[in-house]
Amino acid sequence: MENGIHYRTCHLCEAMCGVAIEMKDGHIASIKGDADDPLSHGHICPKAVALQDLHEDPERLRKPVRRTRNGWQEMEWNDAFELVARRLHQTREDFGRNSIGVYLGNPNVHNHGSLVATMPFLRALGSQNRFSATSNDQLPHMLASLEMFGHQILFPIPDIDNTDLFICIGANPMASNGSLMTVPDFRGRIKGLKSRGGQLVVVDPRRTETGKLAEEFHFIRPGTDALLLMAMVHTLFAEDLIDLGPAERLAKDADLLRLASLRFSPEAVSQHTGIAAEDVRALARKLANTRKAALYTRMGTSTQAFGGIATWLAYCLNILTGKLDMPGGLLFTQPAIDLVALGAISGQSGHFGKRHSRVRGLPEFAGEYPASTMADEILTPGEGQIRAFVTVAGNPVLSSPNGRRLDEAFSSLDFMVSVDYYLNETTRHADVILPPTAALERSHYDLIFSMFAVRNVAKYSDALFDAGPDTRHDWEILLELAHRLEKQRKGGRLPIRSELGWQAFKQVGPDPILDILLRTGPYGADVGRIRGLTQPAIDLVMDILPDGHPLKGMAKLSPLNRRWQGLPKGLSLPALRDNPNGVDLGPLQPSLPERLFTRDSKINLAPRCYLRDLDRLHEQLEQPVKDDLLLIGRRHVRSNNSWMHNSQRLVKGKGRCTLMIHPRDASRLGLQASDSARISAQDRKIILPVEITEDLMPGVVSIPHGWGHDRPGTGQSIAAAHAGASINDILSDEQIDPLVGTSVLNGQSVTVKVWRPERQRKRA
Ligand SMILES: Nc1nc2c(c(=O)[nH]1)N[C@H]1C(S)=C(S)[C@@H](COP(=O)(O)OP(=O)(O)OC[C@H]3O[C@@H](n4cnc5c(=O)[nH]c(N)nc54)[C@H](O)[C@@H]3O)O[C@H]1N2
Ligand SMILES: Nc1nc2c(c(=O)[nH]1)N[C@H]1C(S)=C(S)[C@@H](COP(=O)(O)OP(=O)(O)OC[C@H]3O[C@@H](n4cnc5c(=O)[nH]c(N)nc54)[C@H](O)[C@@H]3O)O[C@H]1N2
Ligand code: SF4
Ligand SMILES: [Mo]
């Protein structure tokens with residue numbers, strides 16, 4: 001790479017910040033924000049420097065390794081592929097196709113190569129025992145989108161730059177930089193909101209960094225958001241505040257929702273939520289009476305016992321008050337590569353509950369079972385038991401509940417392979433680790449997060465560093481394994497056409513596919529320039545084609561779509577290469593009813609699965625409020641899930657993996673500022689330093705996830721020196737939201753005791 005500035009999109013979190021990487025003599029000299037980026041305008045967070053640290057980390061694996069009695073041994077790529085394909089195939093032959101489990105971790109969705117290669121890989125593997133980070137994350141949003149809008153990844157995105165009221169429940173974008181809302185520089189955007197005279201309202205069991213910016217803040221008892229939101233729905237109906245606005249003729253079954261809300265008055269829920277009835281009413285009125293407003297919920301409301309209902313109700317509240325499809329409210333995006341539309345046309349808009357997991361009978365979602373039942377499926381003997389396992393870019397030992405049980409499960413497998421560049425808490429159980437190229441050695445396009453951005457943009461970055469011949473991209477690894485597995489399944493040889501297909505795919509890779517998708521997408525070729533093809537002519541042809549005609553479907557997805565007429569045109573991969581800072585495609589726009597994918601083109605306000613779950617919610621209301629300590633998670637801007645703790649620049653300073661506790665609870669438990677505490681639930685326990693703070697609601701304690709790097713046999717020395725402890729070592733994998741199967745990561749009860757090493761030793 002020559003000296004000079006390389007523009008790129010940071011892939012570490014969902015915010016898609018533009019970075020300007022200054023190169024000197026083949027090395028990174030500095031990483032700054034790209035002021036010309038159409039979305040982030042120069043904003044970056046402290047993690048951006050970790051792009052360099054990750055790249056230069058001497059502990060990042062560069063060649064395949066295999067576990068032997070004398071430790072890890074490097075392998076040649078071909079031998080590694082050979083071994084992995086043979087062992088996986090053998091397992092499949094001996095125990096059936098479902099005997100191989102797969103877990104896909106979060107970084108896959110930041111990697112267009114992986115996304116393109118995952119599908120053929122999973123098909124070649126053929127197993128129904130698939131898991132991913134989704135069930136520890138946004139699954140309730142996917143269910144709500146599927147049930148209400150007909151498509152599992154069609155998310156309404158807050159139009160934050162134009163709103164006058166932003167109600168943020170169970171999210172901390174000041175630390176996370178947004179989720180299912182790609183929003184670089186949240187602070188700047190909230191400043192903008194306030195200078196327009198707008199307001200930020202936050203509801204959270206912790207007065208977070210975001211909470212501290214808010215005009216109005218409410219503590220809420222963990223796990224009770226569904227009650228709060230139901231009481232808000234109740235208020236809207238009771239006070240005649242319903243005005244569906246743009247959704248007026250589209251939303252159906254509002255009456256069923258009204259009936260369902262009758263049992264949940266603000267008075268009825270107030271003791272459970274900890275929010276006064278009058279405050280609930282005021283919040284509902286404020287939402288209804290502010291024309292441009294958005295109510296947004298995320299991790300805290302989705303990964304809890306009533307995450308399904310809570311997420312559905314959050315969507316409903318926006319629709320009932322006319323915020324959906326309203327500038328300044330919530331809008332659907334129009335990305336350059338429209339995976340929503342592409343998915344729908346190929347019959348992939350999502351499905352739920354088509355089959356159930358073997359051991360606990362939990363529903364699949366989009367072909368995946370809940371991560372909380374992974375260990376059950378590995379450890380429980382019987383037909384269909386998982387014997388071999390593949391992880392791709394995931395660290396479930398730290399990221400899924402009951403990590404110790406997952407340790408036990410993974411170490412009991414016949415064979416395990418991990419596609420990952422770190423030897424960490426999960427991959428240490430693997431027999432073979434296949435490390436992909438580093439992020440700066442590959443090109444980058446945000447297929448997923450471009451769909452969730454608060455402004456439509458398209459950005460492509462070329463690889464900054466040459467990967468070298470003895471390396472493989474994630475997509476190359478996945479396609480190679482898929483090809484070999486397919487070959488083995490067919491007895492060692494594929495029909496010539498199919499063989500040529502695999503060769504071509506492996507040769508071409510993901511970028512030419514991007515190019516085609518860009519050119520044929522809404523901002524692609526300018527049809528006006530094609531001779532003889534005028535829009536009226538196209539419209540006429542489209543009108544005479546019957547619905548469901550393949551040509552009509554294709555046209556809907558192409559620049560021929562009437563709806564896309566007014567959009568900027570000319571996008572292609574070369575065009576994006578010519579604009580390394582990214583291309584602005586304009587603000588979010590109304591798109592209903594065309595954007596709906598439900599069969600009747602309506603918005604379903606009262607899907608049956610939610611109505612059926614309401615008795616369970618009502619039972620919560622009938623039970624007395626317990627005085628257990630409830631555990632919640634937290635994120636910090638200098639950390640990212642489990643895998644960025646090997647950067648000295650990010651972990652330096654005061655330890656951040658602490659137990660936060662309110663002074664009242666601390667004094668009740670005899671805890672002082674310099675103490676450590678033992679946090680436990682059943683036979684699971686961890687020990688952490690305490691951090692006493694009034695930012696927490698009394699009765700609630702908080703621990704960040706992704707720590708616990710003291711397990712033996714890992715290869716991340718900086719992380720190990722800042723080990724912390726894993727919250728998922730105490731969270732139970734039995735607690736899920738039974739509606740969707742999401743893990744309960746927030747709101748489990750724990751016991752906290754002072755822990756003093758001297759006293760402990762004396763007693764022993
Ligand atoms: N208690 C609790 N648990 C949680 C959460 C919580 O809030 N509380 N949050 C949940 C959420 S939202 C998520 S998304 C999950 C994340 O859960 P996971 O995806 O399981 O975990 P990560 O920590 O993201 O681990 C990423 C892994 O991918 C590797 N990796 C990084 N980049 C690449 C790459 O480009 N290619 C490959 N092949 N590997 C790569 C890293 O080395 C690491 O091993 O955690 C969940 N767990
Ligand atoms: N710096 C940093 N950024 C990240 C990540 C990271 O690990 N670090 N991870 C990325 C990923 S994978 C994701 S999914 C996103 C997540 O993005 P966010 O959803 O913004 O993530 P959190 O910071 O976990 O915010 C969850 C909030 O919910 C609150 N909460 C907990 N329980 C409850 C409850 O019962 N009710 C309510 N109302 N609130 C509750 C918590 O106190 C917390 O403030 O962040 C992404 N960005
Ligand atoms: S907020 Fe930080 S980690 Fe996220 S994309 Fe921007 S610079 Fe990268
Ligand atoms: Mo996530």
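Small disclaimer: the values here were computed from a predicted structure and weren't measured.

J.: So, the overall build of the chain: which residues are in play, and what are the values?
T.: Helix and strand content of the chain: 27 helices and 30 strands. In summary, the chain has a C-alpha radius of gyration of 26 Å against a globular reference of 27 Å for 764 residues, a match within 12%. Going through the 764 residues of the chain one by one, you find that 60% of them count as buried. Looking at the chain alone, contacts between residues at least 24 apart form 75% of all its contacts between residues at least 6 apart. As displayed, the chain offers around 29800 Å² of accessible surface, 50% of which is attributable to carbon and sulfur atoms.

J.: Give me the pairing of strand S25 (residues 629-632): which residues, what numbers.
T.: On S25, burial covers both faces: Leu629 and Leu631 on one face and Leu630 and Ile632 on the other are all buried. The pairing of S25 with strand S30 (residues 748-755) spans three bridges and is classified as antiparallel. Bridge pairing links Leu631 to Gln748 in S30.

J.: Account for unusual backbone geometry, naming residues and giving values.
T.: Residue Pro593 follows Leu592 across a cis peptide bond; omega there is 5°. Of note, Pro593 is situated in the loop between strand S23 (583-587) and strand S24 (603-604). With phi around 60°, Asn402 is a residue other than glycine that occupies positive phi space. With respect to the helices and strands, the residue Asn402 is situated in the loop between helix H15 (396-399) and helix H16 (403-411). Residues other than glycine seldom take positive phi values, yet Asn641 does so here, at roughly 45°. Assignment of secondary structure puts Asn641 in the loop between S25 and helix H24 (648-651).

J.: Could you give an account of the site of ligand 1, with specific residues and numbers?
T.: Near ligand 1 you find 30 residues, and of these Tyr103, Asn106, Asp420, Asn424 and Ser642 are the closest. Residue Asn106 places a main-chain N or O atom 2.6 Å away from an oxygen atom belonging to ligand 1. Take Val419: an N or O atom from its main chain is 3.0 Å from a nitrogen atom of ligand 1. For ligand 1, the accessible surface in isolation is 920 Å², of which the surrounding protein chains cover 98%. Residues that form the shell around ligand 1 fall into these classes: 13 nonpolar, 12 polar and five charged. Here the shell around ligand 1 spans two domains, since at least three of its residues come from each of domain 1 (65-138 + 342-440 + 466-508) and domain 4 (626-763).

J.: Can you tell me about the pattern of salt bridges, naming the residues and giving the values?
T.: If you walk through the whole model with that rule in mind, you get 43 salt bridges. Put simply, Asp161 and Arg189 hold a salt bridge, and the shortest N to O gap is 2.7 Å. Pair noted here: Asp161 is in the loop between strand S8 (157-158) and strand S9 (165-169) and Arg189 is in helix H6 (residues 186-195), with a separation of 28 residues, a long-range link. Between Asp462 and Arg577 there is a salt bridge, and its shortest N-O distance comes to 2.9 Å. Remark: Arg577 occurs in helix H22 (residues 573-578) and Asp462 occurs in the loop between strand S22 (460-461) and helix H17 (474-489); sequence separation between them is 115 residues.

J.: Report on the site of ligand 2, specifying residues and quantitative values.
T.: Neighbouring ligand 2 are 34 residues, the closest being Ser176, Asp204, Asp225, Ser639 and Asn641. Between an oxygen atom of ligand 2 and a main-chain N or O atom of Met299, the distance comes to 3.1 Å. Considering ligand 2 on its own, with 920 Å² of exposed area, one finds that the protein chains cover 97% of that surface. Going through the elements one at a time, helix H5 (173-176) and helix H11 (299-302) are the ones with two or more residues in the shell around ligand 2. In terms of residue class, the shell around ligand 2 is made up of 12 nonpolar, 15 polar and seven charged.

J.: Residue-level account of the UniProt feature "domain: 4Fe-4S Mo/W bis-MGD-type" (unreviewed entry) in the chain, with values.
T.: Within this numbering scheme, the UniProt entry marks residues 3-59 as carrying the feature "domain: 4Fe-4S Mo/W bis-MGD-type" (unreviewed entry). Here residues 3-59 is 12% helix and 35% strand, with 26 Å between the C-alpha atoms at its ends.

J.: Report on helix H4 (residues 139-149), specifying residues and quantitative values.
T.: Counting buried positions over the 11 residues of H4 gives 10, a clear majority of the element. Of all the positions in H4, only Leu139, Pro140, His141, Met142, Leu143, Ala144, Ser145, Leu146, Met148 and Phe149 are classed as buried. Following H4 by one or two positions, Gly150 adopts a phi angle in the positive range, close to 85°.

J.: I'd love a proper account of the sheet that holds strand S17 (residues 388-392), names of residues and values included.
T.: The seven strands are arranged S5-S4-S19-S18-S17-S6-S7 in an open sheet whose pairing can be described as mixed. Since the sheet does not close on itself, it has two edges, and those belong to strand S5 (71-74) and strand S7 (130-132), each with one partner. Averaged over neighbouring strand pairs, the angle between their axes works out to 20° when direction is ignored. Taken strand by strand, helix H3 (residues 112-125) contacts strand S6 (100-104), S7 and S17, and its axis lies near 165° from that of S6.

J.: Can you lay out the domain arrangement of the chain for me, pointing to particular residues and giving the numbers?
T.: As far as domains go, the chain holds domain 1 (65-138 + 342-440 + 466-508), domain 2 (153-333 + 601-611), domain 3 (511-587) and domain 4 (626-763). Distance from the C-alpha centre of domain 2 to the C-alpha centre of domain 3: 35 Å.

J.: Go over the packing of aromatic side chains with me, naming the residues and quoting the values.
T.: Following the criterion strictly, the structure yields 14 aromatic pairs and no others. Connected via pairs of aromatic rings, a cluster forms that spans Phe131, Phe389 and Phe410. Over the aromatic face of Phe95 sits the side chain of Arg387, whose NZ or CZ is 4.0 Å from the ring centroid.

J.: An account of a nonpolar patch on the surface is needed here, citing residue identities and associated values.
T.: On the surface, Leu256, Leu259 and Leu262 cluster together to form a nonpolar patch covering roughly 260 Å² of accessible area. Turning to its location among the elements, Leu259 is positioned in helix H8 (residues 254-261). Among the residues examined, Leu259 registers a relative accessible area of 47% and is labelled partly exposed.

J.: Break down the environment of Gly653 for me, citing the residues and quoting the values.
T.: For Gly653, the position within the fold is in the loop between H24 and strand S26 (659-661). Put simply, Gly653 and Asn579 are 74 residues apart on the chain and 39 Å apart in space, counted from C-alpha to C-alpha.

J.: Go over the nonpolar core, please, and point to the residues and values.
T.: One finds Phe149, Phe166, Ile319 and Ile603 to be the most contacted residues of the largest nonpolar core, which totals 99 residues. Judged by nonpolar contacts, the second largest core, of 33 residues, contains Leu104, Trp475, Leu481 and Leu494.

Parameters and conventions
- Residues numbered from 1 in each chain as written.
- Chains lettered and ligands numbered in written order.
- Predicted model: local features only at pLDDT ≥ 70, side-chain atom pairs only at ≥ 80, totals over all residues.
- Heavy atoms only, no water.
- Helix = DSSP H or I, 4+ residues; strand = E, 2+ residues; numbered from the N terminus.
- Rg over C-alpha atoms; globule rule 2.2 N^0.38 Å.
- Buried < 20%, exposed > 50% of the residue type's maximum accessible area, 1.4 Å probe, protein only.
- Contact = heavy atoms within 4.5 Å.
- Areas by Shrake-Rupley, 256 points an atom, 1.4 Å probe, with all protein chains shown as cover.
- Pairing = 2+ DSSP bridges.
- Near = heavy atom within 4 Å.
- Polar contact = N/O pair within 3.5 Å; in protein donor to acceptor, adjacent residues only side chain to side chain.
- Nonpolar A, V, L, I, M, F, W, Y, C, P; charged D, E, K, R; others polar.
- Domains from an automatic or database assignment.
- Salt bridge = Lys/Arg side-chain N within 4 Å of Asp/Glu carboxyl O.
- UniProt positions renumbered as here; feature names shortened; annotations may be inferred.
- Axes fitted to C-alpha atoms, helices over the stretch in contact; angles between N-to-C directions.
- Phe/Tyr/Trp six-rings, centres within 6.5 Å; stacked < 30°, edge-to-face > 60°.
- Lys NZ or Arg CZ within 6 Å of the ring centre and 35° of its normal.
- Patch = residues over 30% accessible without salt bridge, like charges linked within 9 Å, V, L, I, M, F, W, Y side chains within 5 Å.
- Core = buried A, V, L, I, M, F, W, Y, C linked by side-chain atoms within 4.5 Å.

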